Amino acid sequence: MATLLYRIGRFAYRRAWYVIIGWVLALAALLGGGLALGGQFQESFTIPGTESQQTIDKLENLFPAAAGAGATVVVVAPDGSSVNDDDVTQEITDVSDEIADLGQVASVISPYSEYATNQISEDGTTALIKVQFDGPATDITEATLDALQETGNTLTEEGMQVSYGGEAFQSQEFGLTITEAIGVLFAGVVLFITFGSLLAAGLPLLTALIGVGLSTGGIMAVAFFTPVSSTAPMLAVMIGLAVGIDYALFILSRHRSQLAQGLDPEESAAQSVATAGAAVLFAGITVIIALLGLLVVGIPFLSVMGVGAAFAVLVAVLIAVTLLPAIMGLAKGRLRAKPGSRAARRALAAASHGETDAEGGTHKPSLGGRWVALVMKAPVVFLIAVIGLLGVASIPAFSLDLNLPTAASQPEGSTTRTAYDTVAEKFGPGYNGTVVVVADITQTTDILNVLDEVRTELETVPGVATVGPGLPDETLDTAIFQVIPTTAPDSPETKALVERLREMSAEIDDEYGTPYTVSGQTAVAIDVSNQLTAALLPFGILVVGLSIVLLAMVFRSLAVPIKAALGFVLTIGASFGVTVAVFQWGWAADLLNVHATGPIISFLPILLMAILFGLAMDYEVFLVSGMREEYVKTKDAGRAVRIGFQHGARVVTAAALIMFFVFFAFVPEGEGPIKAIALALAVGVAVDAFLVRMTLVPAVMALLGRRAWYLPRWLDRVLPNVDVEGESLRGHIEEREWAAVQAGHVVAAEELELDGLAASVGFTVPRGSVAVMTGETVSRRLLGAAIAGRIAPAAGHLQVLDRALPSESASVVTRVSLVDLESRRLDEYTAVGDALAERLRLDRPWFKRVPRGTVEALVDRLDRALDGLEGEERVDLHTTLGELSPTASALLAVTLGVADGARVVVVDTGDGEFSRPGTLGFADAVAGVVGSDATLVLGLATAPASLGDGSSVGGRPVARIDLAGVAHPSAVSSVPSSSSSPPSSSASLPPLSPASPPSTGATDSDSRHDAKGVLR
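Residues numbered from 1 in each chain as written. Predicted model: local features only at pLDDT ≥ 70, side-chain atom pairs only at ≥ 80, totals over all residues. Heavy atoms only, no water.

The name an unreviewed UniProt entry assigns to the protein chain is SSD domain-containing protein, from the organism Herbiconiux moechotypicola. Taken directly from UniProt, the Subcellular location (unreviewed entry) text for the protein chain runs: "Cell membrane". (UniProt positions renumbered as here; feature names shortened; annotations may be inferred.)

In structure tokens form, the structure reads like this:
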């Protein structure tokens, strides 16, 4: 992964304008498309399959007039008057009639109707007009609500006070405010302090804002096709800003540090993307997996929020590893800290780890270095202190109460909050959360009496304030009861009441033959909360389990992931605890501009766990990866903790502060769910970064010592190795630098060791030459497979066609063919032309045809080679394989090997008749088939006696590779030849490894020099 990111970073740096233009076009397309489509955000907190939702779906079919959303017009009579006064009664009745005539209104129950249920307060000062719409709240237009308010507001002209509540008016849509911009400003200040440069500080902000624009545009476009909560884009903005700034910070910080140490800007950008970018990619993937895990919960609105936030994180990751290095390519050396500046001194101090420098002085340890030294002096004390502090902070979490937001969470002074408070004061809190009981009356003959008796039974249930009369539909299939609780809709007592009503359904069915279900907005909210609460523990186990597996893959340790997971549990507990203390208990509510206390929004815990999980693993990777890197080099556990912490402490501190400011900026002026989510995330980030990762982690690592890095061997074999810190990249860079020195040779090896060879080998094959490889069959096959990129060297250096192996083996495999003459399996009835045509077809995509005349040209090449051999006859397209001589059959196998245009062809003769040639005739023929535009590596048991100094094969100089005596005693002759299976089921042909058409090579002056084989 690190090597791939290295190439991506280098490409973006070199092709900066192409990358930048591509991202600008993507931004214009997504953001412009989203704005053009004009998708509207809407709230739809429902869960298909729950009893309440199934009841609503049933009502839409059987009792449409009762299935739509409801609204309540709260009318307060003028001072000194009563709503029962004749003039007031007449005015309210007239307004009720006018509202009934509005579009989308299914029915209106005035406070004076015979169907009204206690819609006039006991003191006579307040009346309620109940409005039923013909569709859900998401379908009610703004024009309808405006018309209703315009009609109701005519009562204010008579001195009455009018407010509006109910589901239709309970807007939960949120937008950005100036405080979010202040959060970005704080992030900019932190970046400037971190980098000491306006240019460097501006890059993470720029890339993060571009990412936010892309993700917001994408969510707006999706909102045109499917319902999307307004919380989704706000959450995407919040997460996108935080991770976008942080991911760019990680990579840019590594880049500036390397520049200060003298690294070339291009190389530094590539290495930064490969190392810090690998950690960013890993962290981003963990966040995305956790957010997409919300799909498993099965709640549509939560799934949309998770996918939207995951998309924002994905965009942030892609921008960090492509757009950021492209901008680095434009800035070039201007991002380097000025020599002698504070930023430059910090970079050099971090590189020296406080040790003696070249002038004999020492760099002063950083604040992070001094902190980790303090923690490591008394790790037990810090361990107990952190666990105790977070344990106490987690205590309020045991009182966590979940529910969907009600009008009580709206700002004071808003019409919905005024209506909610007035109803609660004048009628009781239960009137704000009517529970709807839907009865099936199809099996009842005495409908009115049965409905009266059912109503009486419902009124006896504890927690019920009153029950309205049963209202049957026109077809007498369904009846509904309005049940008014004694408690608020979001109180635990109301939840218990809903459960009691549902338990009572069986008794009513047995006694009256009238089964019923419980629904309504309050019941829907309770069902959503119950399902989310039930999913919380399984989702938590999934997230914690995933963190253990992922970190075990990264750090090759059991203790590190278990410690990280337990630390994550402490973070979640403290975050939940603070959120409960503020939003349920009211602690610091005025300070944080919390309008009202009450239950926490239902989806906050599960969303918080998903997001904080990724951020926690982010900090863990950036701190502990440096520790592992140092431990692998020195095996000194204490030094590894100290050095690794100093490497990551500053960037983690800056990242945590940025995230804290970005999240906390949504708290003071945030509304509803966003305020609680933002505070929980801000607390979680601060706790996890500063207490768990930067205090608890070094304390635990210091206590464990070498045991922290233990991993059972069987588990080490099972777990894939994720090279986050780029250990393979360092090998790739070293190999590439060595390969660059060998650019004059097609193949070169130095101190090359292969599993199965007892000694290392070294050789060079100049361009334009033919390599003759002699020795035991197993040795030749192993080296041939290594040259072809099929097996990886155990040690040493190997380059083929200017590509270093094994890091660039994928590129070599497509340019090198392997031919094993001993493994030929012939189908005597297949024609030469058919065999070649099929081979050519297999090497091309289905849509690319073989050029006319290609097969004929290959047969002509084969014939020219046969012409040089005594006693061999020419072949044609129609000659069958059974008619070929052994020599012609062998040369056909070579022809098949070069058919795909391989630049290097490795031909091994095995132990057969061609392995010990007496003359150079066969070698000349093979070289003739391969041609001058490719390099031949020919494997023989022994070289012909005539092959001496100054000899040539096929008119080209010879490079000798002597493998005599290097085969390991344990090696067996059954070592695979790396040949692929025959190209078709109809023709058993020499098994060849595929290669793709190469670029044309040229022979240079070095081809006149013989290669010298070296045996060490």
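Now, onward.
What follows covers the overall build of the protein chain. Scanning the protein chain from N- to C-terminus turns up 30 helices and 22 strands. Relative to its 1016 residues, the protein chain shows a buried fraction of 57%. Contacts spanning at least 24 positions in sequence make up 79% of the contacts within the protein chain whose residues lie at least 6 apart. For the protein chain, the accessible surface area stands at approximately 41100 Å², while carbon and sulfur atoms represent 57% of it. (Helix = DSSP H or I, 4+ residues; strand = E, 2+ residues; numbered from the N terminus. Buried < 20%, exposed > 50% of the residue type's maximum accessible area, 1.4 Å probe, protein only. Contact = heavy atoms within 4.5 Å. Areas by Shrake-Rupley, 256 points an atom, 1.4 Å probe, with all protein chains shown as cover.)

A word on a negative patch on the surface. A contiguous patch of negative charge on the surface is contributed by Asp446, Asp452, Glu453, Glu499, Glu503, Glu507, Asp509, Asp510 and Glu511. Topologically, glutamate 503 is positioned in helix H17 (residues 492-512). (Patch = residues over 30% accessible without salt bridge, like charges linked within 9 Å, V, L, I, M, F, W, Y side chains within 5 Å. Salt bridge = Lys/Arg side-chain N within 4 Å of Asp/Glu carboxyl O. Lys, Arg positive; Asp, Glu negative; His and termini not counted. Charge placed at Lys NZ, Arg CZ, Asp CG, Glu CD.)

Here we come to the pairing of strand S19 (residues 935-940). It is a general feature of regular strands that their side chains alternate between the two faces of the sheet. For S19, a buried count of 6 out of 6 residues is recorded, marking the element as mostly surrounded by other parts of the structure. Where burial is concerned, the two faces of S19 agree: the one with Thr935, Val937 and Gly939 and the one with Leu936, Leu938 and Leu940 are both buried. Inspection of the sheet shows strand S14 (residues 770-774) paired to S19 by 5 bridges, in the parallel sense. Bridging from a neighbouring strand, threonine 774 pairs with leucine 940 of S19. Note: strand S18 (residues 904-908) against S19, 5 bridges, orientation parallel. Note that in S19 the partner of aspartate 908 across the bridge is glycine 939. The parallel pair S18 and S19 is bridged by helix H30 (residues 921-930), and the resulting crossover is right-handed. (Pairing = 2+ DSSP bridges. Right-handed = clockwise from strand over helix to strand, strands pointing away.)

The next point concerns the pattern of salt bridges. Considering all chains together, one arrives at 22 salt bridges under this definition. For arginine 10, the salt bridge goes to glutamate 267, with nearest N and O atoms at 2.3 Å. Placement of arginine 10 in helix H1 (residues 2-14) and of glutamate 267 in helix H10 (residues 265-292) is noted, with a sequence separation of 257 residues between them. A relative accessible area of 12% places arginine 10 in the buried class. In this structure, arginine 14 and glutamate 266 form a salt bridge, with 2.5 Å as the shortest nitrogen-oxygen distance. One end of the pair, arginine 14, is in helix H1; the other, glutamate 266, is in helix H10, with 252 residues separating them in the sequence. Taken together, the shared-partner salt bridges connect Arg10, Arg14, Glu266 and Glu267 into one network.

So, on to the sheet that holds strand S21 (residues 956-962). Strand pairing in a sheet relies on backbone hydrogen bonds, with the paired strands running either antiparallel or parallel. Spatially, the 6 strands line up as an open sheet ordered S17-S18-S19-S14-S21-S20, and their pairing is mixed. Single-partner strands in this sheet number two, and they are strand S17 (816-820) and strand S20 (952-953). Bridge count for S17 against S18 is 5 bridges, and the pairing is parallel. In the strand pairing of S18, valine 819 is matched with valine 907. Packed onto the sheet, H30 meets S14, S18, S19, S20 and S21 and runs at close to 150° relative to S19. (Axes fitted to C-alpha atoms, helices over the stretch in contact; angles between N-to-C directions.)

Where the residue is not glycine, phi is negative for most of them; where a peptide bond is considered, it is trans in most cases. Between leucine 805 and proline 806 the backbone carries a cis peptide bond, its omega angle lying at 10°. With respect to the helices, strands and loops of the structure, proline 806 is situated in the loop between strand S16 (803-805) and helix H26 (809-813). In this structure, leucine 476 is a non-glycine residue whose phi angle is positive, near 55°. Turning to its location among the elements, leucine 476 is positioned in the loop between strand S8 (471-472) and strand S9 (478-485). At lysine 635, a position not held by glycine, the phi torsion is positive, near 60°. Exposure remark for lysine 635: the relative accessible area of 46% places this residue in the partly exposed category.

Moving on: the packing of helix H27 (residues 832-842) against helix H29 (residues 886-898). Following both chains from N to C, one finds H27 and H29 inclined at 25°, their axes separated by 9 Å at the closest point. As the angle between them shows, H27 and H29 are arranged roughly parallel. As for the relative orientation of H27 and H29, their crossing is right-handed in sense. When H27 is examined against H29, the residues Val832, Ala835, Leu836 and Arg839 are found in contact with a partner set consisting of Leu892, Thr895 and Leu896. Broken down by class, the residue content of the contact of H27 with H29 amounts to 5 nonpolar, 1 polar and 1 charged. (Parallel < 35°, antiparallel > 145°, perpendicular 65-115°, else oblique. Left-handed = near helix turned anticlockwise from the far one by under 90°. Nonpolar A, V, L, I, M, F, W, Y, C, P; charged D, E, K, R; others polar.)

Here the focus is the side chain of threonine 887. By the element assignment, threonine 887 lies in helix H29. With a relative accessible area of 14%, threonine 887 lands in the buried category. When neighbours within four sequence positions are excluded, threonine 887 is seen to be in contact with Leu869, Glu872, Phe914 and Phe922.

What follows covers the packing of aromatic side chains. Taken as a whole and judged by the stated rule, the model has 10 aromatic pairs. Ring geometry for phenylalanine 660 against phenylalanine 661: centres 5.9 Å apart, planes inclined by 65°, an arrangement best described as edge-to-face. Residue phenylalanine 660 is classed as partly exposed on the basis of its relative accessible area of 26%. On the accessibility criterion, phenylalanine 661 (25% relative accessible area) is partly exposed. When the centroid spacing of 5.5 Å and the interplanar angle of 10° are considered together, the rings of phenylalanine 660 and phenylalanine 664 count as stacked. Residue phenylalanine 660 and its partner phenylalanine 664 are both found in helix H21 (residues 637-664); the two are separated by 4 residues, about one turn of the helix. Under the relative-accessibility criterion, phenylalanine 664 is labelled partly exposed at 29%. These aromatic residues form a ring-pair network of at least three members: Phe186, Phe660, Phe661 and Phe664. (Phe/Tyr/Trp six-rings, centres within 6.5 Å; stacked < 30°, edge-to-face > 60°.)

On to the sheet that holds strand S2 (residues 105-109), then. Read from one edge of the open sheet, 4 strands run S2-S3-S1-S4, paired in antiparallel fashion. The sheet is open, and its two borders are formed by S2 and strand S4 (161-165), each paired with just one other strand. Within this sheet the neighbouring strands show an average axis-to-axis angle of 20°, counted without direction. Direction of pairing for S2 relative to strand S3 (residues 126-133): antiparallel, over a ladder of 4 bridges. In the strand pairing of S3, isoleucine 109 is matched with lysine 130.

Of all hydrophobic cores here, the largest spans 172 residues; its most connected members are Tyr247 and Phe663. In this structure tyrosine 247 touches Val280, Ala283, Gly284, Val287, Val313, Ala316, Val317, Ala320 and Asp618, once residues within four positions along its chain are discounted. Val855, Leu858, Ala923 and Val929 belong to the second-largest nonpolar core, a separate cluster that totals 46 residues. (Core = buried A, V, L, I, M, F, W, Y, C linked by side-chain atoms within 4.5 Å.)

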